[in-house]
Amino acid sequence: MSDYSRPKGTQDFLPEVQPYWEYVRTIVADLAREYGFERIDTPIFETTELFARGVGDATDIVEKEMYSFEDRGGNPITLRPEFTAGVVRAYIENGLRVQPKPIKLYSIGPIFRHEQPQAGRFRQFHQFNAEIIGTPSPLADLEIMLLAWDLYDRLQFRGLSFQLNSTGCPTCRPRYVDALVAHYHTHQDRICEDCQRRLQRNPLRVLDCKQAQCQPVIAAAPKISEHLCDDCAGHFSELLGYLDALGKPFTLNHRLVRGLDYYTKTVFEVWAEGIGAQAAVCGGGRYDGLIALLGGPETPAVGFAAGLERIIMVMEAQEVPVPPLPTPPVLIAHLGAVTRLEAVRLLAALREAGIGVQIAMSKSLKSQLRQADKAAARWVLILGGDELARGEVTVRDMASGSQQTISREGIVAWISEQLQHPA
RNA sequence: GUGGGCGUGGCCUAAUGGUUAAGGCUCCUGACUGUGACUCAGGCAACUGUGGGUUCAAGUCCCACCGUCCACCCCA
């Protein structure tokens, strides 16, 4: 055993799991492009201040989950705990507001949160993220939700639940929070300790408390949907109208508040089973105030992020089939020092013709064929003393075990022919 | 941060407190010095997570630490 082990909450993605990742990344990227999203890649680390401001001081992420450190110049750095703040920073910094609005951007990459690992929770994990920046239209909310919908649809997921709510805006939310706090004050003695604390710091969070004693208080609490201002209520009902028209099933969840400060109006999550105690496979919503908060012009936006590990865990649980990764169809076997030179020439010639090929590296033909078997090669080209003398190669079909002799000059064309016209 | 379960070769698993810790998988070699998958025969590979303690004797009992898994908080 090595003296070194991977940091807590991180993973080694061995070749055997790569088909899942390749499949998911491909589906996600194809889908995003079909929807008209363009890819943007931002740094995996940013200045700490960006996340502290953007995500919000009172959030769990900023309070206890960030990977923060000082670089050699003494600058406060944080490994990104989510995508949106970095994407918005890039939008402002690169002057993307001069582009036609809205701009639709997606990203795929690693995310870092210093949490205690458990089923479906890692310190380094991966997200697919999509944002529509520059429009207040509920159509943008709809597009983001449809993208999430189609993503899971294309992955053949079953039994998902779409949770939806509106958290209002700076006009109506404070009024609602006041009403909520007032309600809780009349039941102060009946709620759990955590909720006592939430009431001080982040009152909306009392709504997703799971303590039994708090449930009656939550059930009797005022609902934000009944406190929305005209603008927010209109926005929400327009979105619901689109979803109804499309027959998309969703659950209105008054208790869905989400952990980030920047959300306004629409918030949603998608829940799935099969990832331990974790339910959410994706979450998102509208954040009309964030861009101005980070120093940009007043710009409405909406987005979501999906956790790729959780997607893959559900795929495994539901036994969603994934295509195998392609391997080189040809392997060159050789016998003896003199044949090796010709084997290397043949290797180069095949590659020049665009044919996937590798060369055996062990001595005995037996072990070379074993290697071909493990590598799932379709053909082994055997170059021995006899073949070399006659200017030929022996072609072994690994599936059938049958062999034939082809001239050295004609072998590249023969393989190309076979590959173009599969039997 | 808090709580619980579990730590034996790369992986899976065995070993009434008692010799040089056993087996399977994988990998390598060989069974016609030119033929894979099956079979057979060999071989590589573990100071039993780490450090203490109890004992004549510890993989086995006790303690601590570390790691891991699961759960809480919260989320992807």
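Look a little higher up for the structure.
Analysis parameters
- Residues numbered from 1 in each chain as written.
- Chains lettered and ligands numbered in written order.
- Predicted model: local features only at pLDDT ≥ 70, side-chain atom pairs only at ≥ 80, totals over all residues.
- Heavy atoms only, no water.
- Pairing = 2+ DSSP bridges.
- Helix = DSSP H or I, 4+ residues; strand = E, 2+ residues; numbered from the N terminus.
- Axes fitted to C-alpha atoms, helices over the stretch in contact; angles between N-to-C directions.
- Salt bridge = Lys/Arg side-chain N within 4 Å of Asp/Glu carboxyl O.
- Buried < 20%, exposed > 50% of the residue type's maximum accessible area, 1.4 Å probe, protein only.
- Near = heavy atom within 4 Å.
- Polar contact = N/O pair within 3.5 Å; in protein donor to acceptor, adjacent residues only side chain to side chain.
- Nonpolar A, V, L, I, M, F, W, Y, C, P; charged D, E, K, R; others polar.
- Contact = heavy atoms within 4.5 Å.

With that settled, consider the sheet that holds strand 13 (residues 357-359). Here we have five strands laid out as an open sheet, ordered 13-12-14-15-16, and mixed in their pairing. Among the strands making up the open sheet, the edge pair consists of strand 13 and strand 16 (403-407). If you compare each strand with its neighbour and ignore which way they point, the axes differ by 25° on average. Two elements, strand 14 (residues 379-383) and strand 15 (residues 392-397), share four bridges in a ladder whose sense is antiparallel.

The next subject is the pattern of salt bridges. Applying the stated criterion across every chain, the model contains 20 salt bridges. The salt bridge involving D208 is made with R205; its shortest N-O contact spans 2.8 Å. D208 sits in the partly exposed class, given a relative accessible area of 29%. Note that E342 is salt-bridged to R345, the shortest N-O span being 3.1 Å. Of this pair, E342 and R345 both sit in helix 12 (residues 337-352), three residues apart, which is roughly one turn of that helix. With a relative accessible area of 14%, E342 lands in the buried category. Taken together, the shared-partner salt bridges connect D141, D231, K265, R286 and D288 into one network.

This part covers the protein's contact with RNA strand B. In the vicinity of RNA strand B there are 47 residues, among which R121, R198, R205, G259 and M398 approach most closely. Within the side chain of D60, an N or O atom sits 3.1 Å from a sugar or linking oxygen of RNA strand B. Between RNA strand B and F122, the relevant distance is 3.0 Å, taken from a base nitrogen to a main-chain nitrogen or oxygen of the residue. Of all elements in the fold, only helix 3 (60-65), strand 6 (124-133), strand 10 (280-286), helix 13 (365-374) and helix 14 (385-390) reach the threshold of two or more residues within the surface near RNA strand B. By residue class, the composition of the surface near RNA strand B is 15 nonpolar, 13 polar and 19 charged.

Position of P300 among the secondary structure elements: in the loop between helix 10 (290-293) and strand 11 (301-307). Through-space distance from the C-alpha of P300 to that of G289 is 6.7 Å; in sequence the pair is 11 residues apart. Among all residues touching P300, those that are not within four sequence positions of it are I132, I133, G134, T135, P136, R286 and D288.

Note that all results are geometric; they support no functional claim without further evidence.
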